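Now for the letters of each chain:
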Amino acid sequence: MGRTFWHSFLTIWLTMAGAIAIIAAANAYLRVLPPKDSFIDSREFYTMEALNAYLRRDQIDEARAYTAMLARLTPPIRARVTPGPLGGPQDCKTWADHPFFNGGQSDKPLSTSDEIDAPPHPPIRPDKDGVVRLDARGERACYHIEIQKERLSYFDRYAPAVLPIIAGLMASVISSFLLASYLVAPIMKLRGGLKTLAGGDFRVRIGRQLGRRRDELATLGKDFDVTAAKLEEMDAAQKRLFHDVSHELRSPLSRLQAAVGLLRKNPARLEALLPRMEREIKRQDGLVEEILTLARLGPNAAASLERETIDVIDLVAAIIDDAAFEAQAKSVGMDYAGAQSFVTRVNGELIYRAIENVARNAVKYSPPGSRIRISSSLGSGGETLDLAIRNPGPVVPQEDIEKIFHPFTRLQESESGYGLGLAITRRAVEAHGGSVEALANPEGGLTVTIVIPRLD
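Model, not experiment: these values are computed from the prediction. (Residues numbered from 1 in each chain as written. Predicted model: local features only at pLDDT ≥ 70, side-chain atom pairs only at ≥ 80, totals over all residues. Heavy atoms only, no water.)

Of the regular secondary structure elements, the protein chain holds 10 helices and 10 strands. Surface accessibility of the protein chain: about 27,300 Å² in total, with carbon and sulfur atoms responsible for 58%. (Helix = DSSP H or I, 4+ residues; strand = E, 2+ residues; numbered from the N terminus. Areas by Shrake-Rupley, 256 points an atom, 1.4 Å probe, with all protein chains shown as cover.)

This brings us to the pattern of salt bridges. The full count for this structure, using the stated rule, is 11 salt bridges. Two residues, Arg203 and Asp201, come together in a salt bridge whose shortest N-O distance is 3.1 Å. Since its relative accessible area comes to 63%, Arg203 is described here as exposed. Relative accessible area serves as the criterion here: at 27%, Asp201 is assigned to the partly exposed category. Here Lys403 ties to Asp400 by a salt bridge, and the two come within 3.6 Å at their closest N and O atoms. Accessibility expressed as a relative area gives 17% for Asp400, which makes it buried. Each member of the salt-bridge network shares a partner with another, and the members are Glu326, Glu356 and Arg360. (Salt bridge = Lys/Arg side-chain N within 4 Å of Asp/Glu carboxyl O. Buried < 20%, exposed > 50% of the residue type's maximum accessible area, 1.4 Å probe, protein only.)

With 50 residues, the main nonpolar core has Val312, Ile355, Ile372 and Ile450 as its most contacted residues. For this core, the secondary-structure elements that each account for two or more residues are helix 6 (270–296), helix 8 (312–327), helix 9 (348–365), strand 7 (371–379), strand 8 (384–391), helix 10 (421–431), strand 9 (435–440) and strand 10 (446–453). Among the nonpolar cores identified, the runner-up in size contains 17 residues, and Met48, Tyr66, Ala79 and Ala136 belong to it. (Core = buried A, V, L, I, M, F, W, Y, C linked by side-chain atoms within 4.5 Å.)

In spatial order, the strands read 1-3-2; together these three strands make up an open sheet with antiparallel pairing. A strand with exactly one partner marks an edge of an open sheet, and here the two such strands are strand 1 (79–84) and strand 2 (131–137). Direction aside, neighbouring strands of the sheet carry axes that sit 20 degrees apart on average. Docked against the sheet, helix 3 (residues 60–71) engages strand 1 and strand 3 (142–148), running at close to 160 degrees with respect to strand 1. (Pairing = 2+ DSSP bridges. Axes fitted to C-alpha atoms, helices over the stretch in contact; angles between N-to-C directions. Contact = heavy atoms within 4.5 Å.)

One can find Thr425 in helix 10. Assessed through its relative accessible area of 0%, Thr425 is described here as buried. Discounting chain neighbours no more than four positions away, the residues touching Thr425 are Arg353, Ala354, Asn357, Val358, Val436 and Ile450.

The next point concerns the sheet that holds strand 8. Ordered in space as 5-7-8-10-9, the five strands form an open sheet in which the pairing is mixed. The open sheet terminates on both sides in strands that have one partner only, identified here as strand 5 (333–337) and strand 9. Across the sheet, the axes of successive neighbouring strands diverge by a mean angle of 15 degrees, strand direction being ignored. Pairing of strand 8 with strand 10, which is carried by eight bridges, proceeds in the antiparallel orientation. Note on strand 10: the bridge partner recorded for Ile389 is Val448. Most of the contacts of helix 8 go to strand 5, to which it runs at about 165 degrees, and overall it touches strand 5, strand 7, strand 8 and strand 10. Across the sheet, helix 9 touches strand 5, strand 7, strand 8 and strand 10, and the angle it forms with strand 8 is around 20 degrees.

Considering every residue of the protein chain, the mean pLDDT works out to 78; 79% of them sit at 70 or more. With pLDDT under 50 throughout, residues 99–122 is counted as low confidence; its partners more than four residues away or in other chains account for 39 contacts. (pLDDT = per-residue confidence, 0-100.)

Our next topic: the side chain of Asn357. As for its placement among the helices and strands, Asn357 is situated in helix 9. Reaching out from Asn357, the side chain makes a polar contact with the backbone oxygen of Gly421 at a distance of 3.0 Å. (Polar contact = N/O pair within 3.5 Å; in protein donor to acceptor, adjacent residues only side chain to side chain.)

In this model helix 6 runs 38 Å from its N-terminal to its C-terminal C-alpha over 27 residues, within 8% of the 39 Å that 1.5 Å per residue would give. Buried within helix 6 are the following residues: Leu273, Met277, Glu280, Gln284, Gly286, Leu287, Glu290, Thr293 and Leu294. (Expected span 1.5 Å × (residues − 1).)

Let us now look at helix 9. The end-to-end C-alpha separation of helix 9 is 26 Å, in line with the 26 Å expected for 18 residues at 1.5 Å each. Residues Gly348, Leu350, Ile351, Arg353, Ala354, Ile355, Glu356, Asn357, Val358, Ala359, Ala362 and Val363 constitute the buried set of helix 9.

A positive phi angle, near 60 degrees, is found at Asp58, a position not held by glycine. At Ser380, a position not held by glycine, the phi torsion is positive, near 55 degrees. Mapped onto the elements, Ser380 comes out in the loop between strand 7 and strand 8. A residue is classified by how much of its surface remains accessible, and Ser380, at 59% relative accessible area, is exposed.

Let's shift gears to the environment of Leu439. The residue Leu439 is located in strand 9 in this model. Relative accessible area serves as the criterion here: at 55%, Leu439 is assigned to the exposed category. Setting aside anything within four residues of it in sequence, one finds Leu439 in contact with Ile401, Gly445, Leu446 and Thr447.

Turning our eyes to something else, we now look at the packing of helix 9 against helix 10. Two elements in contact, helix 9 and helix 10, have axes separated by 9 Å at closest approach and are oriented at 145 degrees. When you trace helix 9 past helix 10, the crossing you get is left-handed. Facing Leu350, Arg353, Ala354, Asn357, Val358 and Asn361 of helix 9, the residues of helix 10 in contact are Gly421, Leu422, Ile424, Thr425, Ala428 and Val429. The residue inventory of the contact of helix 9 with helix 10, partitioned by class, reads seven nonpolar, four polar and one charged. (Left-handed = near helix turned anticlockwise from the far one by under 90°. Nonpolar A, V, L, I, M, F, W, Y, C, P; charged D, E, K, R; others polar.)

Let us now look at the packing of helix 6 against helix 10. It is the contact of helix 6 with helix 10, at a shortest axis distance of 9 Å, that shows an interaxial angle of 25 degrees. When the axes of helix 6 and helix 10 are compared, the pair comes out roughly parallel. Relative to helix 10, the crossing made by helix 6 is left-handed. In this structure, helix 6 uses Glu290, Thr293 and Leu294 to contact helix 10, whose residues at the interface are Gly421, Ala423, Ile424 and Arg427. Of the residues assigned to the contact of helix 6 with helix 10, the class counts are three nonpolar, two polar and two charged. (Parallel < 35°, antiparallel > 145°, perpendicular 65-115°, else oblique.)

Below, the structure is given as structure tokens:
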């Protein structure tokens, strides 16, 4: 159990214990629950009053029947009535003469007509043998009343007041422990998950461990699982990137090593092998540049971009001019229709490269004699530029459309290039808050739509 658990436990328990203490203090002050000894005194007081009422009228049989009924109560009241000779006043004491009334009570003897509003304030004090004795003067006899005083143990005397407090405190301890455990358990699971993530295991998930919780901690657990899944995906992508980079670098390096080996055996072939070596070096340089560009367009690329105010349509026009020159060699035409201006603050180099990659792919995969159609429109009330580049190339399976945006993805191994162009396009546009989507054309080829927002 950590500090958070004990802080939560003590806070909850002290709050509940304080509430119990306030209730106990209020009960002691207001006497909502009478002490047990006061209750016993009240029973004995009213027993004496009733017996005195019977005996003042010499109803000895009724008094004995009453004492028999009292013996059957729970707890029983043990009373006995014994008649004696009627002597002088000094031989038959009345209620006013009894010592348990010496403490402020009236000296007036009680009778059946006297109204008793409350039990006497002084405690009823028995004799040394634990018996309360009282005489009742009738018309024909002096009746001796004896009531066995119930002896209270220490437990019986204080249990009615103390046991509810103890029970409340124990209940507060248990409830505080359960509540603190309920609050802290998901935090401990989250802590364990974070330690596992820090150890490099991105497969950890804690959402299922939280059961059917529907509170904010359960939401935090789901967010943790989403984060862990994203880290696992990024880790897998990084490993795949390293594998692809090493594969792409290994082939040209192997060819360069082979050329160096041939030159060592036959230096006379230098002139023949030099152009090939230069091509391989340029290829290596281009690949490294593409990889650096892709790395620069990481998750936090938007914050570090250098932006300038430019007209994106001017960039599109320049790209079309350059691509059209290459397309002439394949007798491929290019048409443009749409917006004439869209000014925004972007990194011109990245946006140019993003659009150029799509345009050059369109030229590359379009069959001879076909036409590439480029269109643009303003969306979201003029706040976005929707640029669509449609090429009539080969059919792309629906399940492979999303793959073309992954780094080092080439649908055919025989294709030239590095497989980084469309990955750079998507990351560059997303770094500006836009999006890139591809859609397969029914007749073949793709329509790639680039959405660029207007930024101030």
